[in-house]
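Chain and residue survey
Below, each chain spelled out in residue letters.
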Amino acid sequence: MAGADERDLPGRTAESAPVPAPRAAGPLRRTRIVLAEVSRSGSRADHTRSELTQQTRVGDTLVRGLVRAQLALALRMSLLVLIGLGGLPWLFAIAPSVGRVTVLGINLPWLLLGVAAFPFLIAVGWAYVRLAERNEQDFTDLVHRPER
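Residues numbered from 1 in each chain as written. Predicted model: local features only at pLDDT ≥ 70, side-chain atom pairs only at ≥ 80, totals over all residues. Heavy atoms only, no water.

So, helix α2 (residues 57-94)
In a regular helix each residue adds 1.5 Å, so 38 residues correspond to 56 Å; α2 covers 52 Å between its end C-alpha atoms and thus fits that length. Gly87 marks the point of greatest bend in α2, at about 35 degrees, and the proline Pro89 comes within the next four residues. By the burial criterion, the buried members of α2 are Gly59, Leu62, Gln70, Leu73, Met77, Leu88 and Phe92. (Helix = DSSP H or I, 4+ residues; strand = E, 2+ residues; numbered from the N terminus. Expected span 1.5 Å × (residues − 1). Bend = angle between axes of the 7 residues up to and from the residue. Buried < 20%, exposed > 50% of the residue type's maximum accessible area, 1.4 Å probe, protein only.)

As for unusual backbone geometry
In the Ramachandran plot, Leu104 falls in the positive-phi region, its phi being about 55 degrees despite a non-glycine side chain. Checked against the element boundaries, Leu104 lands in the loop between β1 (102-103) and β2 (106-107).

Focus: the side chain of Gln70
Among the structural elements, Gln70 can be located in helix α2. The class for Gln70 is buried, based on a relative accessible area of 15%. Other than its neighbours up to four places away in sequence, Gln70 contacts Tyr128, Ala132, Asn135 and Glu136. (Contact = heavy atoms within 4.5 Å.)

Things to note about helix α4 (residues 108-144)
When the terminal C-alpha atoms of α4 are compared, their 51 Å separation across 37 residues agrees well with the 54 Å that a helix rising 1.5 Å per residue should span. For α4, the principal kink sits at Ala116 and spans about 50 degrees; a proline, Pro119, occurs within the next four residues. Taken together, the buried positions of α4 are occupied by Leu108, Pro109, Ala117, Val124, Ala132, Phe139 and Val143.

So, to be careful, I would describe these as geometric facts and stop short of saying anything about function.
What follows is the structure, given as structure tokens:
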């Protein structure tokens, strides 16, 4: 590599860098390069993320909104389970004839509370997880959304 140009060598130090030739006398003209779209696109998202990490009033409000949405979802699903399963004993108390119905030799209350309740609870749990993940995705999209 004795014949290789010094500029091609990796790891070259500042002392071995070539010295630029002196310019003609006169004022230097500065050129300002602005990447408006690049700086603007991440500024709001970065600002919102910093609001969250620094736990400012805005970040606290955003997190509180997510917690409220998750709590509202949990209460709605709990109400669905309460009405769906808790309403069955009321139905059997109000209409005793429904409680005496037999299906395949098994009383209807036993089928509904002992067998059908589990698929119902699994379906409600699945729906809750999907909707909770959607809330979290909406929150993430809000935080990462570029300024419009």
